[in-house]
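If you want the building blocks of each chain, they are given just below.
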Amino acid sequence: ALAALGGAAGKAVDGEVRLGSEACEHFLGRFSFLPSRDAVVSAFLRTEPAGWAENTSHGLTVYLFDDRAWNKYLKLKKGGSLCRERMRMARHLFPVDILRAPVVDGSVQPEFAMHLPVDWAARGRTMYWFAVVANCDLEEFDAGTLPRLAYHVTFLNGDSHLPADEFGMLGRYSAILLTLIAMGALAGRVAYGQVKKSRRIHLIAVLIAAAYALELVSLLGEILHLWRYASDGKGMRMRHGALPMDSISEGAQGMSELLLSAILIFLACGWTTTTVAGAAEGLGAAVDPEALNLKNAPEDSLLGAVLKIRSGFLEDAETKRRIRAAEGLMKKALTSFRKPASLFNKASVGSLFFLGLGGVQLMLELAGRGYEDDFNGFHDHAHWPGRCLVLLRCLLALVFYSGSHFTLRAHSADKEVCKFLKQLQVVGLGWFLAFPATVVLAAFLPIWSQHAFVSTACLLLQGGALGALALLVLKSEAYRSISTVATPQGVPQAGPRAKLKISTD
């Protein structure tokens, strides 16, 4: 039933649209409701009175679709259906009479609100509702240029502004934050004890701490944004005149993931466990099939087929030159990853790789902001920038595996190094590929559980990976015995007043 719009405010969707014969419908927004709460959808429209009177045959209407009806709507739209066919899928509709709406300060301002019926509450699950404004009559006659229609649509989930798929997230985020703080306190205590004795800290510990701090900032920002959103339906966003904690949170999360990716790739290429000369010599053999004695691989095997294609390409002088150049670049990049501290002292293949990687990730995250809808899309990847981020993580997994594989080949005689690198492969590939697997798996879950699943899983994966790396660097005696992280033998312990040094080898 329609009712006058009161003072209730919920999730707010603001915008403008100009409907016409070619575009007679416009998506307003979506919201998830709990079946146990009173669901309210209200709309406030504003337009100029001139231009509507001449088009008396207008059926301006706001339509509401639940998630099942929305899937049918999308299927019809993809199949090239008419507007009226698609709108028949709507569960509820609100006719908007522009000509009879009140005029305030020269603008027509129709407004209404509706309490959604609760006959679907027995389904016992969260319901997504999608709002569309449309004028299907425009498909049947040339309406010319209609005035712009400004809209302000609000959704209220009982007495809360939060969508149903965000219920419980504040508690989950808070629990993860407290867990990370406790883990950080333990790791910090161990690190402090080691630094106090040697007055020496390794760069890898500094990078892990930075990634850890960024993850804490991300979580804290999301908690503050969610808490504010629950109270005013707007959250902490720049467009609402508040500190943009949602953007800060997403940026910090991206930087933390980028740092963790870099640390894993550096370790895979031999940082802290091999010498530069040994790494360069080994990588030179690793990228040369003849040096590895692989030229006699069976032709019916995958490796044999790849090498056969490669040998075919090498028959052409120009193609051979390009392949050798690509292999040389790969060798230089992987070798430079062995000394991350020197990456940015001068331009190199490795430094260009990571600068480009950071730039691409930043652009994709900014592009993803344009698809923001319900809350923040904190870990929502149901759009092309999100899918590109998933693909980027898969490519980084390939770089990580290549580095670890070549380093293993180069140091196959060192059993301790090989053992560590194989363990690192399991941890690293598990982390790199878990994110794409999570996003793919979420697509098979009900729509009302996807957001909570992806958000919680990504945070747990990131926190778990950082904790595992910290444990490896600070507590694993097996790793420290083969790495440069521990104080080298023969180097005396520094006094308590000695200047703190950062080791980078």
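Caption draft 1: Structural detail: the overall build of the protein. The helix and strand tally for the protein stands at 13 helices and 13 strands. Sorting the 505 residues of the protein into buried and exposed places 48% on the buried side. Residue pairs in contact within the protein that sit at least 24 positions apart in sequence constitute 81% of those at least 6 positions apart. In the form shown here, the protein has an accessible surface area of approximately 25,100 Å², with 61% of it arising from carbon and sulfur atoms.

Caption draft 2: The arrangement of the state of the cysteines in detail. Enumeration over the complete set of coordinates arrives at 1 disulfide. What pairs with Cys83 in a disulfide is Cys136, and their sulfur atoms sit 2.0 Å apart. Taking the sign of the S-S torsion, -60° for the link of Cys83 and Cys136, the bridge is left-handed. In this pair, Cys83 sits in helix 2 (residues 83-87) while Cys136 sits in the loop between strand 10 (127-134) and strand 11 (149-157), placing the two residues 53 residues apart along the sequence. Here Cys83 and Cys136 have matching classes, each one buried.

Caption draft 3: Molecular detail of the pattern of salt bridges. Under the defined criterion, the tally for this structure stands at 4 salt bridges. For Arg91, the salt bridge identified is with Asp66, shortest N-O distance 3.0 Å. Of the two residues, Arg91 is situated in the loop between helix 2 and strand 6 (92-95) and Asp66 in strand 5 (residues 61-66); the sequence distance between them amounts to 25 residues. According to the relative accessible area criterion, Asp66 is buried, its value standing at 3%. With its nearest N and O atoms 2.1 Å apart, the salt bridge here joins Asp137 to Arg84. Linking Asp137 in the loop between strand 10 and strand 11 with Arg84 in helix 2, this pair joins segments that are 53 residues apart in sequence. Classification of Asp137 by relative accessible area gives buried; the value is 14%.

Caption draft 4: Highlighting the packing of helix 5 (residues 245-268) against helix 10 (residues 384-410). At a minimum axis separation of 8 Å, helix 5 and helix 10 run at an interaxial angle of 20°. The orientation of helix 5 relative to helix 10 falls into the category roughly parallel. In this structure, helix 5 meets helix 10 at a crossing whose hand is left-handed. The residues of helix 10 that touch helix 5, namely those facing Glu257, Ser261, Leu264, Ile265 and Ala268, are Arg393, Leu396, Val399, Phe400, Gly403, Ser404 and Thr407. Among the residues forming the contact of helix 5 with helix 10, the class breakdown is 6 nonpolar, 4 polar and 2 charged.

Caption draft 5: Local environment of the packing of helix 10 against helix 11 (residues 415-442). Packing of helix 10 against helix 11 leaves a shortest axis separation of 9 Å and a crossing angle of 170°. In terms of orientation, helix 10 lies roughly antiparallel with respect to helix 11. Among the residues forming the contact of helix 10 with helix 11, the class breakdown is 18 nonpolar, 5 polar and 2 charged.

Caption draft 6: View of the packing of aromatic side chains. Scanning the model with the defined rule gives 10 aromatic pairs in all. Ring centres of Phe65 and Trp70 lie 5.6 Å apart, and the angle between their planes is 70°; this geometry places the pair in the edge-to-face category. The same class applies to Phe65 as to Trp70, namely buried. Where Phe400 meets Phe432, the ring centres are 5.4 Å apart and the plane angle is 45°; that geometry is what we call tilted. Within this pair, whereas Phe400 is found in helix 10, its partner Phe432 is found in helix 11, the two being separated by 32 residues in sequence. The class of Phe400 is buried, set by a relative accessible area of 0%. An aromatic cluster is present here, built from Phe27, Phe65, Trp70, Tyr73 and Phe130 joined pairwise through their rings. The ring of Trp431 has Arg393 lying over it, and the distance from NZ or CZ to the ring centre is 4.2 Å.

Caption draft 7: View of the pairing of strand 4 (residues 39-47). A large share of strand 4 lies buried, amounting to 7 of its 9 residues. Across 9 bridges, the pairing between strand 4 and strand 11 is antiparallel. When the sheet's bridge partners are listed, Thr47 is paired in strand 11 with Leu149.

Caption draft 8: Here's a closer look at the side chain of Arg86. Relative to the helices and strands, Arg86 resides in helix 2. At 2.5 Å, the side chain of Arg86 and the backbone oxygen of Ser81 are in polar contact. Discounting residues that sit within four places of it in the chain, Arg86 has contacts with Glu25, Phe65, Tyr73, Leu76, Lys77, Ser81 and Glu139.

Caption draft 9: Quick peek at a nonpolar patch on the surface. There is a patch of nonpolar side chains on the surface, built from Val217, Leu243 and Ile248 and spanning about 240 Å² of accessible area. With respect to the helices, strands and loops of the structure, Ile248 is situated in helix 5.

Caption draft 10: Layout of the confidence of the model for the protein. Overall, the predicted model of the protein reaches an average pLDDT of 75, with 70% of residues at or above 70. Element-level mean pLDDT values for the protein span from 31 in strand 1 (residues 2-3) up to 93 in helix 2. A low-confidence stretch, residues 276-294 stays under pLDDT 50, and its non-local contacts, those more than four residues away or across chains, total 32 contacts. Ignoring residues within four places in sequence, the model shows residues 374-379, a span with pLDDT below 50, making 35 contacts including any to other chains.

What counts as what
- Residues numbered from 1 in each chain as written.
- Predicted model: local features only at pLDDT ≥ 70, side-chain atom pairs only at ≥ 80, totals over all residues.
- Heavy atoms only, no water.
- Helix = DSSP H or I, 4+ residues; strand = E, 2+ residues; numbered from the N terminus.
- Buried < 20%, exposed > 50% of the residue type's maximum accessible area, 1.4 Å probe, protein only.
- Contact = heavy atoms within 4.5 Å.
- Areas by Shrake-Rupley, 256 points an atom, 1.4 Å probe, with all protein chains shown as cover.
- Disulfide = S-S within 2.5 Å.
- Salt bridge = Lys/Arg side-chain N within 4 Å of Asp/Glu carboxyl O.
- Axes fitted to C-alpha atoms, helices over the stretch in contact; angles between N-to-C directions.
- Parallel < 35°, antiparallel > 145°, perpendicular 65-115°, else oblique.
- Left-handed = near helix turned anticlockwise from the far one by under 90°.
- Nonpolar A, V, L, I, M, F, W, Y, C, P; charged D, E, K, R; others polar.
- Phe/Tyr/Trp six-rings, centres within 6.5 Å; stacked < 30°, edge-to-face > 60°.
- Lys NZ or Arg CZ within 6 Å of the ring centre and 35° of its normal.
- Pairing = 2+ DSSP bridges.
- Polar contact = N/O pair within 3.5 Å; in protein donor to acceptor, adjacent residues only side chain to side chain.
- Patch = residues over 30% accessible without salt bridge, like charges linked within 9 Å, V, L, I, M, F, W, Y side chains within 5 Å.
- pLDDT = per-residue confidence, 0-100.

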